[in-house]
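One letter stands for each residue in the lines below.
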Amino acid sequence: MTRDSRKPDDACRKPPDAAAPRVGDQTLVLPSGAVPSPDLTKEHAGLVVIQGREIGREYRLRRSESILGRDESATLRVPDERVSRRHASLELAWDPVEKIRRVFLTDLGSTNRTYVNGESVGRRELKEGDKIRVGDTVLKFVLQDALDARFHREIRDRIAYDQLTRLLTKESLYSALEAELARCARYGLPLAVLMMDLDHFKSVNDTHGHLMGSHVLAEVGRLIREGFRTSDVSARYGGEEFVAYLSESGAEEGRLVAERIRAAIAAHPFTRVDEKGRSDTVRITISIGVSEFPRDGGTLEALVAAADRALYRAKEEGRNLVRVA
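Residues numbered from 1 in each chain as written. Predicted model: local features only at pLDDT ≥ 70, side-chain atom pairs only at ≥ 80, totals over all residues. Heavy atoms only, no water.

### Some details on the overall build of the chain
Here is step 1 of the chain: What the chain contains, in helices and strands, is 6 helices and 19 strands.
Here is step 2 of the chain: Of all 325 residues assigned to the chain, the portion counted as buried reaches 40%.
Here is step 3 of the chain: A sequence separation of at least 24 residues applies to 56% of the contacts in the chain between residues at least 6 apart. (Helix = DSSP H or I, 4+ residues; strand = E, 2+ residues; numbered from the N terminus. Buried < 20%, exposed > 50% of the residue type's maximum accessible area, 1.4 Å probe, protein only. Contact = heavy atoms within 4.5 Å.)

Spelled out as structure tokens, the structure:
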């Protein structure tokens with residue numbers, strides 16, 4: 001074998017320059033002062049639910065006095081049947097000597113008492129990390145800086161809300177509905193459940209593309225939010241399906257609200273403008289089924305199933321309709 005036909009010895013190869021930086025591996029140097037420093041002063045006082053139906057929920061303490069309780073008028077409403085209507089108060093007071101904000105918790109003669117770190121209290125100044133139990137709900141007192149507060153708000157938002165439609169997730173709505181059904185059963189109140197499904201939505205994706213489909217879903221979410229009262233709760237059930245419940249409302253009131261939403265969606269031109277300025281418009285309709293507690297069922301599953309059967313009937317009878325179980 002000649003020298004030219006042999007492979008060169010690895011030892012003869014020129015080693016790579018270890019000091020030479022690889023492309024894209026250089027650290028970007030920012031000029032001094034280019035990145036603003038976050039405000040890390042712990043001035044945001046709040047309560048975070050760490051046990052209970054609304055685990056993860058955060059209540060910000062902004063007022064000089066807030067009322068924590070089960071009543072609709074309570075500043076910090078806790079949906080727990082063992083919590084009194086006006087259970088406890090929280091007062092914010094400025095200490096001019098220490099130059100800090102103090103928070104005081106006062107029991108308002110509640111039926112099941114207020115506990116801090118396992119001890120029944122009448123009035124207590126709260127310290128960071130204190131655990132407050134009211135009924136079956138446990139809340140943790142937190143002092144957060146602006147960065148912490150934004151982080152926890154974004155995490156809870158991602159867990160509780162569908163990012164496309166800005167409606168609740170199905171799981172979040174189910175949790176709230178279970179608690180509301182217990183309340184309605186206790187006081188003999190009605191409740192309406194709505195199951196909603198867009199008609200021929202697949203054709204929107206097939207004909208106009210998935211970007212248009214996403215735009216339609218986002219707009220439908222907005223129209224649904226605007227069609228309900230602030231006390232009503234709506235969620236994205238999955239795909240192009242939606243679900244909602246109306247507290248202290250019967251099937252007839254649920255039907256009227258459903259008709260309003262159906263008409264709003266049918267009349268709305270869904271127009272999307274792409275990055276090149278070209279616009280595309282589609283029309284779409286929705287079918288809705290309505291059920292009533294306790295007439296059509298005493299459980300969440302039974303009410304959803306009854307509303308779903310009414311929805312199926314609306315589809316069979318021509319779509320773009322509201323039908324009651």
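Picking up after the structure, the text goes on.
### Here we look at the nonpolar core
Here is step 1 of the chain: Leu194, Leu198, Val216, Phe228 and Ile288 are the most contacted members of the largest nonpolar core, which has 28 residues in total.
Here is step 2 of the chain: The set of elements that each furnish at least two residues to this core consists of β13 (191-198), α3 (201-208), α4 (210-227), β15 (241-247), α5 (251-267) and β18 (286-293).
Here is step 3 of the chain: Beyond its immediate stretch of four places on either side in the chain, Val216 contacts Leu198, Phe201, Val204, Phe270, Val282 and Ile284.
Here is step 4 of the chain: Judged by nonpolar contacts, the second largest core, of 21 residues, contains Ala45, Leu76, Leu92 and Val103. (Core = buried A, V, L, I, M, F, W, Y, C linked by side-chain atoms within 4.5 Å.)

### Let's talk about the confidence of the model for the chain
Here is step 1 of the chain: Averaged over all residues, the pLDDT of the chain is 85; the fraction at 70 or higher stands at 81%.
Here is step 2 of the chain: This model gives residues 1-8 a pLDDT under 50, and the stretch forms 1 contact once residues within four places in sequence are excluded. (pLDDT = per-residue confidence, 0-100.)

### So, the sheet that holds strand β6 (residues 100-107)
Here is step 1 of the chain: If you walk across this open sheet you meet the 5 strands as β4-β3-β5-β6-β9, and the pairing is mixed. The sheet terminates laterally at β4 (76-77) and β9 (123-125), the two strands that pair on one side only.
Here is step 2 of the chain: As paired elements, strand β5 (residues 88-95) and β6 share 8 bridges and run antiparallel to each other. Within β6, the residue paired with Trp94 across the bridge is Arg101. (Pairing = 2+ DSSP bridges.)

### Overview of the pattern of salt bridges
Here is step 1 of the chain: Scanning the model with the defined rule gives 24 salt bridges in all.
Here is step 2 of the chain: Measuring nitrogen to oxygen at the nearest pair gives 2.8 Å for the salt bridge that ties Arg278 to Asp274.
Here is step 3 of the chain: When the shortest N-O distance is used, the salt bridge between Arg295 and Glu292 registers 4.0 Å. (Salt bridge = Lys/Arg side-chain N within 4 Å of Asp/Glu carboxyl O.)

### Overview of the sheet that holds β15
Each strand in a sheet pairs with its neighbour through backbone hydrogen bonds, running either in the same direction (parallel) or in the opposite one (antiparallel).
Here is step 1 of the chain: A sheet is described by the order of its strands in space; here 6 strands give the open sequence β12-β14-β15-β13-β18-β19, paired in mixed fashion. The two strands at the open ends of the sheet, each matched to only one other strand, are β12 (168-169) and β19 (322-324).
Here is step 2 of the chain: Here 2 bridges tie β12 to strand β14 (residues 233-238), and the two strands are oriented parallel to one another. When the sheet's bridge partners are listed, Thr169 is paired in β14 with Arg236.
Here is step 3 of the chain: Seen against the sheet, α5 touches β13, β15, β18 and β19 and runs at an angle of roughly 165° to β18.
Here is step 4 of the chain: With respect to the sheet, helix α6 (residues 300-316) is in contact with β13, β14, β15, β18 and β19, its orientation differing from that of β18 by roughly 145°. (Axes fitted to C-alpha atoms, helices over the stretch in contact; angles between N-to-C directions.)

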